[in-house]
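# Architecture at a glance
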Amino acid sequence: MILYIILAIIIIILIAVGIMFYLRSNKRKMVEQAEERKLKVQQLPFEDNLEKLSALNLKGETRTKYDALKQDTLDHTNNYLAPVEEKIHDAELQLDKFQFAGAQTEIDDAHELMDRYEAGYQSQVDEVNEILSLHKDNEAIYEKCKIDYREMKRDVLANRHQFGEAAAPLEKRIEAFEPELDQYDMLKEEGNYVQAHNHINGLNDSINETKGYMDEIPDLIRETQKELPGQFQDLKYGCRDLKVNGYDLDHVKIDGTLQSLKTELNFVEPMISRLELQEANDKLQQINDKLDEMYDLIEHEVKAKNEVEETKEDITNELFKAREMNYTLRTEIDYIRENYFINESDVHSIRQHENEIQNLVVVYDDILKEMSKSAVRYSEVKDNLEYLDEHVKVINEEQEKLQNHLIQLREDEAEAEDNLLKIQSKKEEIYRRLLASNLTSVPERFVIMKNEIDHEVRAVSEQFNERPLHVKQLKDKVSKIVIQMNTFEDEANDILVNAVYAERLIQYGNRYRKDHHSVDKSLNEAERLFKNNRYKRSIEVSEQALESVEPGITKHIENEVIKG
C-alpha cells in the first residue's frame, strides 16, 4: 500500500515537472518573438531619415533642428533600445528558474520600450517631412513672388496711363519687393527656414494686395472720371425734361446736391493716387448712395403720376356716388321717419356723412387746383387721393348699409302683412277640417286657441295702421303668431289622426264583442271616452283589448291610418 502511494506521488511529480517544462517551452517562444522584434526595431533608419536634411543648408535654424533630432535619436537609442537586450536576457534567466510571471513582466517592459523607440522614429519622420515640406512650399511661393514681381513691374510700365497718378506710388511699392526677395534668399542661406517661411508668406500677401490694387485702380479711375460725371449729367438733363413735362422736383434739390457730389468726387482721385483705395471706395459708395436716393425720389414721382392717372377717375366716381347717395337719403329720410320708426343715430349719421362729404369735396377741389399747376408734386397728389379714396369708401359702405336698411323696412312690412294673411287663411282651413272631421265635437281648447289667434291677428292688423310703424316690433309679434299657428296646426293634425285611429280600433274590435266579454266591455269604455273627446285614452283602452285577442293588429291598423 505504501509502495502504491509512493508510486503515485512520483507520477504526480513527474507530471508536474513535465507541465513546468512545457510551459517554459511556450514562454521561450514569447522571448524569441521579442528578440525578432528587437532586430526589426534596430533596423529603423533613423540616420537615413535624418540624412534627408543634409541636402538643405545646415545652418541657423536648420542646423539647430538637425542637431536636436540627432540628439533625440541618440537619446531614444540609449533610453529605449539599449535596455531592451537586458530585459530579454533577464526574462530568459527568469524562465530558467521557472519564474513565469517575472519573465512575462520583463518581456512586457521590453515591448513597451520598443513601442517608445518606434514612436520616436515616427515623430522624427514627421518632423523631417514637415521641414522638407516647409522648404518646398517656401520655394514655390518664392518663385511665384518673383514671377508676380516681374509681371507687375512690366504691367505698370506698359499700361501707365491706366493707373493715372497712382502709377508712381505703385512703381515705388513694387520696387520695394525686390529687397524683400533678397531678404528671403539671405534667410534661406542662413538656414533660418522658419523665418524664411514667415517672411515669404508675408511678402506674398503684400504682392497679392498690390495685384488687387492694380486690378481695382483702373475701375476706380473710370468710375471717377467717366461713369459718375456721366450720371451727374444724365440726372441733371433728365430732371430738366421732367420739369418741362410738369413735374415738381424742387424737393429733390438736384442742382445743389449734384454740386455737392461733384465736390466730394474731387477728393477721390487724390485718394487713389495715395493708394488709399478703401477710403476711395467708401467715398464712391457714399456718392452712389446719394445718387440712388435722388433716383428713388424721381422714380417715386413718376410712379405717383401713373397711379394718379389710373385711379383719379375711379375715386372721382366714388366721391360723386357718395354725394348723390347722401342727397337721396336726406331727401327720403323725413318721409321714412313719418311712416317708420328709425333710430336717431341713423338720422345723425346721414347728417354727419353730409359734412364729411363736403369736406372731401373741398379736398378734391384742392387736388384739382394742384394738378392744374404747371409743376405738380404727384407724390403729394397721390397721397391726397389715397386719403380721399380711403374715407369716401368708408362713407359709401355705411350709406349703402343704411339705404339697404331703409329699403328692408318696406319689405319687412310687406312680408309681415303677407304672413298675417297666410296665418288667417290657414287658421280657417284647419278649423274647417276640425268641424268636418269625425270628431263628436271640436274640443274647447281648439276653440280657445282659434280665438287667441284671432285676437292677436286683429291687434297686429290694427298696428299696421299706426304711424310711424315700428317694423321690428311688428315682425316679432307676427313671428309669435306664427308659432301659435304652428302649435294650433300640429295639435289639430294630431287630434284628427288620433280620432281616426281610435274609431278604426273600435270598428275593428266589434268583431270580437260577441265572443269576448272583456273586449266588449273595453270597447264600450273606449266609445265613451271617444264621445268625450278623450281620444288618446280611448286608443289606449282599445289597443289593450285588441292585443289581448289578436297580438300585433294595432300596429297594422296604425300604419294604415298613417298611410291613409
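Here the structure is shown first, and the text comes after it.
I will try to describe carefully the structure that is included in this document.

Of the regular secondary structure elements, the protein chain holds 18 helices and 0 strands. For the protein chain, the C-alpha radius of gyration of 59 Å lies well beyond 24 Å, the compact-globule estimate for 564 residues. The principal-axis extent of the C-alpha atoms belonging to the protein chain is close to 140 × 135 × 35 Å. Put simply, the protein chain has 564 residues, and 36% of those count as buried. Long-range contacts, defined as pairs at least 24 residues apart, comprise 78% of the intrachain contacts of the protein chain with a sequence gap of at least 6. Total accessible area on the protein chain is roughly 33300 Å²; 50% of this is exposed by carbon and sulfur atoms. Each charge sign in the protein chain was given a centre, from 76 positive and 117 negative side chains, and these centres are 6 Å apart.

Our next topic: the pattern of salt bridges. According to the stated counting rule, one finds 33 salt bridges in the structure shown. In this structure, the salt-bridge partner of Glu227 is Arg222, at a minimum N-O distance of 3.9 Å. Measuring nitrogen to oxygen at the nearest pair gives 3.1 Å for the salt bridge that ties Lys450 to Asp454. Here Asp454 and Lys450 lie together in helix α14 (residues 444–463), a separation of 4 residues that amounts to about one turn. Neither residue differs from the other here; Lys450 and Asp454 are each classed as buried. Each of Lys427, Glu428, Lys450 and Asp454 takes part in one network of salt bridges that share partners.

A few words now on the environment of Val376. Along the polypeptide, Val376 turns up in the loop between α12 (344–371) and α13 (378–436). Separated by 96 residues in sequence, Val376 and Ala280 place their C-alpha atoms 39 Å apart. When neighbours within four sequence positions are excluded, Val376 is seen to be in contact with Gly246, Tyr247, Asp248, Glu301, Glu370, Met371 and Val381.

Here we come to a positive patch on the surface. A contiguous patch of positive charge on the surface is contributed by Lys236, Arg240, Lys243 and Lys262. Along the chain, the position of Lys236 falls in helix α8 (residues 193–244).

Along the polypeptide, Ile200 turns up in helix α8. Residue Ile200 is classed as buried on the basis of its relative accessible area of 0%. The spatial distance from the C-alpha of Ile200 to the C-alpha of Leu181 is 7.7 Å, given a sequence separation of 19 residues. Discounting residues that sit within four places of it in the chain, Ile200 has contacts with Asn138, Ile141, Tyr142, Cys145 and Tyr184.

Looking now at helix α6 (residues 167–175). Listed as buried for α6 are Ala167, Leu170 and Ile174. The buried residues of α6 occupy one face: seen down the axis, they fall within an arc of 60°.

The biggest cluster of nonpolar side chains holds 64 residues, and the ones touching the most others in it are Leu170, Ile217, Phe232, Ile272, Leu291 and Leu388. Sorting elements by how many residues they give to this core places α8 first, with 14 residues. Look past the residues within four positions of Leu388 in its chain and what remains in contact with it is Ile315, Leu319, Leu360, Tyr364 and Ile367. Membership of the second largest hydrophobic core comes to 55 residues, among which are Val347, Ile453, Phe488 and Ala492.

Looking now at the side chain of Thr554. By the element assignment, Thr554 lies in helix α18 (residues 553–563). Among the residues examined, Thr554 registers a relative accessible area of 9% and is labelled buried. For Thr554, the side chain forms a polar contact with the side chain of Glu547, separated by 2.5 Å.

For helix α17 (residues 535–549), which comprises 15 residues, the first-to-last C-alpha distance of 22 Å matches the rise-based estimate of 21 Å (1.5 Å per residue) to within 8%. Against α15 (471–509), α16 (517–531) and α18 lie the buried residues of α17.

Throughout the structure, instances matching the rule amount to 2 aromatic pairs. Positioned over the ring face of Tyr431 is Lys450, at 5.1 Å from the centre of the ring. Cation over ring: Arg511 sits above Tyr508, and NZ or CZ is 3.8 Å from the ring centre.

Scoring rules and cut-offs
- Residues numbered from 1 in each chain as written.
- Predicted model: local features only at pLDDT ≥ 70, side-chain atom pairs only at ≥ 80, totals over all residues.
- Heavy atoms only, no water.
- Helix = DSSP H or I, 4+ residues; strand = E, 2+ residues; numbered from the N terminus.
- Rg over C-alpha atoms; globule rule 2.2 N^0.38 Å.
- Buried < 20%, exposed > 50% of the residue type's maximum accessible area, 1.4 Å probe, protein only.
- Contact = heavy atoms within 4.5 Å.
- Areas by Shrake-Rupley, 256 points an atom, 1.4 Å probe, with all protein chains shown as cover.
- Lys, Arg positive; Asp, Glu negative; His and termini not counted.
- Charge placed at Lys NZ, Arg CZ, Asp CG, Glu CD.
- Salt bridge = Lys/Arg side-chain N within 4 Å of Asp/Glu carboxyl O.
- Patch = residues over 30% accessible without salt bridge, like charges linked within 9 Å, V, L, I, M, F, W, Y side chains within 5 Å.
- Arc of directions from axis to C-beta.
- Core = buried A, V, L, I, M, F, W, Y, C linked by side-chain atoms within 4.5 Å.
- Polar contact = N/O pair within 3.5 Å; in protein donor to acceptor, adjacent residues only side chain to side chain.
- Expected span 1.5 Å × (residues − 1).
- Phe/Tyr/Trp six-rings, centres within 6.5 Å; stacked < 30°, edge-to-face > 60°.
- Lys NZ or Arg CZ within 6 Å of the ring centre and 35° of its normal.

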